[in-house]
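# Structure at a glance
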Amino acid sequence: REMNQAKELQEDVAEQKTHIAEQQSEAQKLAQSQAHVDRQMRSVEERLQRVKAQAHKRRLESQGNAEQLQQDLELVEREREAVSQRLAANDAMLAQTSRKIAEMTTLHEADMTSLREKYEKLERDVVKYHKLLFNSLQGVEWASEDPAGREQARTEESRYGAPSVA
């Protein structure tokens, strides 16, 4: 029964490890996505700077193209805003995933501590059982050798709760 409990706990621990690995993988993907968005942001900002410089030059050269340049500028600004929003969403998702990983790690550590305690208790119980069994078997040998040994074996059995074999 205790072995089944230990197996179930091991299976639970394995599931927790798998879930933690999945969460860590998701966090890594989000970090990569965030890096990609950062690159896009830099690219958009560079493009924005180029467009602004170009707009200034064209305005000086010709006021006829000012309307088109304004539209280009607005498009770049909207793209920049969209990228900023994606970056904020990714930051929020990354923070949430990090919290989940921390919670799962804490739960996993608690489960491992509980499992270790149960295993150690089981180990102590097995050692105690083996001692009782050994004492009982010694009592059988004593009982077969002389009548005084039989009485000592019965005393040992009643003290340790071992079944009577004499």
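These notes cover the structure that comes with them.

## Focus on the overall build of the protein
Each helix and strand counted, the protein has 3 helices and 0 strands in total. Reading the protein from its N terminus to its C terminus gives the helix and strand order α-α-α. Scored against the burial criterion, the 166 residues of the protein give a buried share of 20%. Counting only contacts in the protein whose residues sit at least 6 apart along the sequence, the fraction spanning at least 24 positions is 76%. In the form shown here, the protein has an accessible surface area of approximately 12,200 Å², with 51% of it arising from carbon and sulfur atoms.

## Observations regarding the nonpolar core
In this structure, V37, M41, V44, L48, V51, L73, V76, V83 and L87 together form the largest nonpolar core, which totals 9 residues. Broken down by secondary-structure element, the contributors of at least two residues to this core are α1 (2-61) and α2 (66-145). Top contributing element to this core by residue count: α1, with 5 residues. Excluding residues that lie within four positions of it along the chain, V37 makes contacts with V83, L87 and N90.

## Comments concerning a nonpolar patch on the surface
Taken together, Y129, L133 and L137 make up a surface patch of nonpolar side chains, about 300 Å² in accessible area. Tracing the backbone shows L137 in helix α2. Its relative accessible area of 47% is what places L137 among the partly exposed residues.

Each value, and the rule that gives it
- Residues numbered from 1 in each chain as written.
- Predicted model: local features only at pLDDT ≥ 70, side-chain atom pairs only at ≥ 80, totals over all residues.
- Heavy atoms only, no water.
- Helix = DSSP H or I, 4+ residues; strand = E, 2+ residues; numbered from the N terminus.
- Buried < 20%, exposed > 50% of the residue type's maximum accessible area, 1.4 Å probe, protein only.
- Contact = heavy atoms within 4.5 Å.
- Areas by Shrake-Rupley, 256 points an atom, 1.4 Å probe, with all protein chains shown as cover.
- Core = buried A, V, L, I, M, F, W, Y, C linked by side-chain atoms within 4.5 Å.
- Patch = residues over 30% accessible without salt bridge, like charges linked within 9 Å, V, L, I, M, F, W, Y side chains within 5 Å.
- Salt bridge = Lys/Arg side-chain N within 4 Å of Asp/Glu carboxyl O.

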